[in-house]
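# An overview of the molecular structure
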Amino acid sequence: MIGGIELGGTKCVLAVANNPLDIIEKRIIPTKDPYSTIPEIVSFFSNFNISKLGVGSFGPLVLNSASADYGLLITESKKNWKGTNLVKEFSKINEEIAIDTDVNAAALGEYHYGAGQSSETFVYVTVGTGIGAGVLVKGEPHIGNFHLEIGHMLIPNVDNFRGVCRIHGNCFEGLASGPAIQARWGVEASELSINHEAWKKEAQLLSFGIVNIISNHSPDKIVLGGGVMNQKHLFELIRLNVEDIWKGYTPLGNISNLILEPALGNNSGIVGSLSLAL
Ligand SMILES: [Zn+2]
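Owing to the predicted nature of the structure, the values given are computational and were not obtained by experimental measurement.

### What about the overall build of the protein chain?
Across its full length, the protein chain carries nine helices and 10 strands. Relative to the globule expectation of 19 Å for 278 residues, the C-alpha radius of gyration of the protein chain, 18 Å, shows essentially globular dimensions. Its C-alpha atoms give the protein chain principal-axis dimensions of roughly 55 × 40 × 35 Å. In the protein chain, which comprises 278 residues, the share counted as buried stands at 46%. When contacts within the protein chain are restricted to residue pairs at least 6 apart in sequence, long-range pairs at least 24 apart make up 62% of them.

In structure tokens form, the structure reads like this:
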């Protein structure tokens, strides 16, 4: 049996499985502070005999396995978690741990088992409480010197909106995440009607980011997941906007084959976290 932990900023998904698509038991708990959430996670796995653990976590965190700080959360991106070493904490469950960012894990899930199969350069973008993206080149996450932080790139801010990123204000996440929609329109994104002008704005902002991703990585598939992307009408708006902004500078092919829905639905992250354990 393998174990998987998808540690997100809002919720944490825990699973025990025979393989990533054959989950035996799954539990979703809210991500509170580390003092209460970590013991709850450790307790869930205590009933199972796990051979290896895969963890996909929010960051920024140290991914260099040669470092003494491997698994350390280094920034206060979520209150109280800075300084928590996830590898040390989760070694109480099993010493055999593979850890990556939550978006790299979700990218791996979709690449191996979902909409990213048979792609050369694959990008998974999550749009929810925050924005993040994992880039896989031939199935391997592009880590770079630390790891990518695509959610914190800068995009045009045409109406000078203040933005909600705790660190930068009006970065991509600060302008286009779920909390940014709520800050801009005064209601939760899920409560906005399908015809509300907010969606046109949201599609434009997401398209700015996606065009930057295309410019930087030239992916053959981009999957858009996360809570905001459960608004399925956004996909067509985004495809039109991306083509409009890119202006055929390089061929994008059939845009419907480039910008895709996740084939694993809301399970990309936990399936990918489990696949890290293999
Ligand atoms: Zn930011």
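### Observations regarding the domain arrangement of the protein chain
Looking at the protein chain, the domain boundaries give domain 1 (2–101) and domain 2 (115–262). Computed from C-alpha atoms alone, the centre-to-centre distance between domain 1 and domain 2 is 26 Å. With seven residues of domain 1 in contact, the opposing surface of domain 2 contributes nine residues. Taken together, the residues of the side of domain 1 that touches domain 2 break down into two nonpolar, four polar and one charged.

### A short note on the pairing of strand β9 (residues 221–225)
For β9, a buried count of five out of five residues is recorded, marking the element as mostly surrounded by other parts of the structure. As defined by bridge partners, strand β6 (residues 121–127) adjoins β9 across five bridges and the pair is classed as parallel. Bridge assignment links V123 to a residue of β9, and that residue is I222.

### Points about the pairing of β6
Counting buried positions along β6 yields six of seven residues, so the element is predominantly enclosed. In this sheet, strand β7 (residues 131–137) lies alongside β6 in antiparallel orientation, the contact comprising seven bridges. Bridging across to β7, Y124 finds its partner in G134.

### Notes on the packing of helix α3 (residues 102–113) against helix α9 (residues 268–276)
For the pair α3 and α9, interaxial distance at closest approach is 7 Å and the crossing angle is 90°. By the angle class used here, α3 and α9 are roughly perpendicular. Residues D102, A105, A106, A107, L108, G109, E110, H112 and Y113 of α3 pack against S268, G269, V271, G272, S273, S275 and L276 of α9.

### Describing the environment of E202
In this fold, E202 is placed in helix α6 (residues 197–217). When the 27 C-beta atoms within 10 Å are taken as the criterion, E202 is described as buried. Taking the C-alpha atoms as reference points, E202 and Q182, separated by 20 residues in sequence, lie 11 Å from one another. Setting aside residues up to four positions removed in sequence, E202 forms contacts with A176, I181 and L234.

### Some remarks on the sheet that holds strand β5 (residues 97–101)
The strand order across the open sheet formed by five strands is β3-β2-β1-β4-β5, and the pairing between neighbours is mixed. Either end of the sheet is taken by a strand with one partner, and the two such strands are β3 (22–30) and β5. Between one strand and the next, the sheet's axes are offset by a mean angle of 15°, whatever the strand orientation. In terms of strand pairing, strand β4 (residues 52–57) meets β5 through five bridges, oriented parallel.

### Points about the sheet that holds strand β10 (residues 259–260)
What links the strands of a sheet is backbone hydrogen bonding, and the strands pair in either a parallel or an antiparallel sense. The strand order β8-β7-β6-β9-β10 describes an open sheet built from five strands, whose pairing is mixed. For this open sheet the edge positions go to β8 (140–141) and β10, each flanked by a neighbour on one side alone. Pairing of β9 with β10, which is carried by two bridges, proceeds in the parallel orientation. What sits directly across from I222, in β10, is I259.

Cut-offs applied
- Counting of residues starts from 1 at the beginning of each chain's written sequence and follows it residue by residue.
- Confidence filtering applies because this is a predicted model: local features only for residues at pLDDT of at least 70, side-chain atom pairs given and counted only at 80 or more, and all residues used for totals across whole chains, interfaces and linings.
- Helix and strand assignments follow DSSP, with helices taken as H or I runs no shorter than four residues and strands as E runs no shorter than two, numbered in order from the N terminus.
- Each radius of gyration is computed over the set of C-alpha atoms, and the globule rule expresses the reference value as 2.2 Å times the number of residues to the power 0.38.
- To assign burial, the other C-beta atoms lying within 10 Å of each residue's own C-beta are counted, with C-beta atoms placed from the backbone; 20 or more indicates buried, 12 or fewer indicates exposed, and intermediate counts indicate partly exposed.
- Working definition of a contact: two residues with C-beta atoms, positioned from the backbone, lying within 7 Å.
- All domain edges in this entry derive from an automatic or database-based domain assignment.
- When residue character is reported, Ala, Val, Leu, Ile, Met, Phe, Trp, Tyr, Cys and Pro are called nonpolar, Asp, Glu, Lys and Arg charged, and the others, Gly included, polar.
- Each pair of strands is called paired provided DSSP finds at least two bridges between the two strands.
- Between N-to-C directions, angles cover 0 to 180 degrees, with each direction set by a line fitted to C-alpha atoms, over the stretch in contact for helices.
- We call two directions roughly parallel when the angle between them is under 35 degrees, roughly antiparallel when it is over 145, roughly perpendicular when it lies between 65 and 115, and oblique otherwise.

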